[in-house]
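# Structural overview for review
Okay, here's what each chain looks like letter by letter:
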Amino acid sequence: MVRKPKIGRNDSCPCGSGNKYKHCCEGTTDWNQIIREGRDWVPYLSIRGRNILFVNKIAEALQMDSGPGPRSLKDCKAAFTADAVVKIHEALMEVWPPNIDIHNVLRNSATDLSGLYIGDYKTQYIQKGLVRHSTYSQKLLVVDPFVYPISVRDKYNPILTPEQYRTQTLKNVNFWFSLLPWIEEGIVEVIRTPADFDHKLNWDSLKRQQKKFEENEKLQKAAEVSAHELGARHKEEEAFRHLILSAPDDYLERTFDELGLEKESLTPQQFLAYIQQRRDEDPDFLEQLGPDVSGQLHMFTTGASYDIAMLTSNLTDSYLVTDVYSKWKEIEIDRDSNNAKNEEWSPFAKAFQDLELKYLNNLSLEHALILRQEERLESLRVFLRKVWNDARSTNPFSEANAQLLADELHEEVRKAEEEWKQIDRNLIKWFGAELSAGLLAAGPLIASGYGAFLAAAVASAGAVTLTATRVERKSFQTKYPASFFLRLK
């Protein structure tokens, strides 16, 4: 008999949280007994564990590990058959079974500070939200864009009618893999909401949302603004994809003259070759398998309605963050019903999302990891909270707050930058320009412990002063949390 390994206290927890067993499930879930008894372990997985399991099942369904080398984009897209669509959605049901206690699973994901994103899911927009809010939030929650099969009628169920979901499944998989690095690092968790598992809850929520908008003129106007903004973001790209790339070649050839492309010195053959190239290079586009195949369903989501998002944020003890104007307006109008995290952090999140500081566009996953590795996340959070309290107007959701916050943050960064320059000036003052240039250039080596070769020069020039300067630099980040943003500049 093969002896099954015992889970040690310092081993990674089998729930997939990424934490050690002693800091995770020990005392609440006996994984050694689960393994000994050969029980189904999916019910005991953390959300991160479920996410990673689902990604692995996606890879299996698409046979990503088959073949000798890396696959071309064309081959990858060809793997999105009706059979693959069925397997992926069956895997979704396995990872999030209908009998799951979703309320308990979501409650267990609560942490010091987490944000629930309910904004634009296009990669460039959700990435902006993730990188910005990861500078002060412990983690960010994102609602899974995949349709939960049994939450819709049979004719829209992707397991029963998979052919119409090929393109949307491709988009969803691309979305998941764009988030995978964040998921693996434990900064992002992809969740499902209670509405997927309760038809009545979902229906009642839809009716509440409809009634709320019908009775509130401000929300109606906000919805019109959001529709215009979102249309401006996506209209051109989506129109080109659905009206041009999806059109049959014979149709494009017939309408060549109507498009006026002969003025561009193009032949119909060159035009069709260009369109085919765009089809091949578009990661979110799938060609129809044949003229008799039914059309594709295309879905646009912001994760969840405000009503369901509020329920979910209460379960996860998180605040709401979005880049959709109408959703911010809902949060503002409904502030009396907000939980403590929403009351405290959503107004700041709105202003921080709208900040027009160029160096914030340089934020990346790497910076989020640095904050966590250097254990500076909490100190930066406290700093940003202080800056926000000093900057904001009496109306926390005012549009002007973004500029006020930007001005205050810019001033704090300026102070940090001036202090750093002063440390450099002190070096020059004590050691002279020539020696200081060498010390400044060797700064990374000294900090890493490889500056022994400078010992003689330092000793003759005044080691005490250099040591004091190094202490200054080491305490600089603690004294000036805004120094984090100097890296971005």
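The structure this text deals with has already been given above.
As the structure is a prediction and not an experimental result, all values here were calculated from the model.

### Topic: the packing of helix α6 (residues 123-133) against helix α14 (residues 340-353)
Packing of α6 against α14 brings their axes to within 10 Å, and their N-to-C directions diverge by 120 degrees. Comparing the axis directions of α6 and α14 gives the class oblique. For the pair α6 and α14, the sense of crossing is right-handed. Contact residues: K128, G129, R132 and H133 in α6; A349, F352 and Q353 in α14. Considering only residue class, the contact of α6 with α14 consists of two nonpolar, three polar and two charged.

### Concerning the packing of aromatic side chains
Applying the stated criterion across every chain, the model contains 15 aromatic pairs. With centroids separated by 6.3 Å and ring planes inclined at 40 degrees, the aromatic side chains of Y117 and Y121 adopt a geometry described as tilted. Judged by its relative accessible area of 1%, Y117 is buried. Note on Y121: relative accessible area 8%, which makes it buried. Measuring from ring centre to ring centre gives 5.1 Å for F484 and F485, while their planes differ by 75 degrees; the resulting arrangement is edge-to-face. Linked through ring pairs, Y136, Y319, W345, F348, F352 and W388 together constitute an aromatic cluster. Looking at R50, its charged tip hangs above the ring of W96, at a distance of 5.5 Å from the centre.

### Quick word on the pairing of strand β2 (residues 139-143)
Counting buried residues in β2 gives five out of five residues, a clear majority hidden from the surface. A two-sided burial pattern is seen for β2, the buried positions comprising K139, L141 and V143 on one face and L140 and V142 on the other. Taken together, the four bridges between strand β1 (residues 114-117) and β2 define a ladder with parallel strand orientation. When the sheet's bridge partners are listed, Y117 is paired in β2 with V142. At this point the chain moves from β1, through α6, to the parallel β2, and the crossover so formed is right-handed. Sheet topology places β2 next to strand β3 (residues 188-191); four bridges connect them, and they run parallel. Among the inter-strand pairings, V142 is bridged to a residue of β3, identified as V190.

### Some remarks on empty space enclosed by the protein
Counting across every chain of the model gives one cavity of 30 Å³ or more. There is about 30 Å³ of room inside the largest cavity. If you go around the largest cavity, the residues you meet are H89, F146, V147, Y165, Q168, T169, N172 and M299. The element contributing the most residues to the lining of the largest cavity is helix α7 (residues 166-184), with three residues.

### Some thoughts on the pattern of salt bridges
One pass over the full model with this rule turns up 30 salt bridges. A salt bridge links E217 to K221, with the nearest nitrogen and oxygen atoms 3.5 Å apart. Residue E217 and its partner K221 are both found in helix α9 (residues 217-245); the two are separated by four residues, about one turn of the helix. Using a relative accessible area of 54% as the deciding quantity, one classes E217 as exposed. A salt bridge links E412 to K415; its shortest N-O distance comes to 3.7 Å. Taken together, the residues span about one helical turn, with E412 and K415 both in helix α17 (residues 401-431) at a distance of three residues. Salt bridges here are not isolated pairs; linked through shared partners, they connect K122, E237, E238, R241 and D282.

Definitions and cut-offs
Residues numbered from 1 in each chain as written. Predicted model: local features only at pLDDT ≥ 70, side-chain atom pairs only at ≥ 80, totals over all residues. Heavy atoms only, no water. Axes fitted to C-alpha atoms, helices over the stretch in contact; angles between N-to-C directions. Helix = DSSP H or I, 4+ residues; strand = E, 2+ residues; numbered from the N terminus. Parallel < 35°, antiparallel > 145°, perpendicular 65-115°, else oblique. Left-handed = near helix turned anticlockwise from the far one by under 90°. Contact = heavy atoms within 4.5 Å. Nonpolar A, V, L, I, M, F, W, Y, C, P; charged D, E, K, R; others polar. Phe/Tyr/Trp six-rings, centres within 6.5 Å; stacked < 30°, edge-to-face > 60°. Buried < 20%, exposed > 50% of the residue type's maximum accessible area, 1.4 Å probe, protein only. Lys NZ or Arg CZ within 6 Å of the ring centre and 35° of its normal. Pairing = 2+ DSSP bridges. Right-handed = clockwise from strand over helix to strand, strands pointing away. 1 Å grid on protein atoms, 1.4 Å probe; cavity = no way out; pocket = protein on both sides within 12 Å on 5 of 7 lines; lining within 4 Å. Points joined across faces, edges and corners; volume = space filled by probe spheres on them. Salt bridge = Lys/Arg side-chain N within 4 Å of Asp/Glu carboxyl O.

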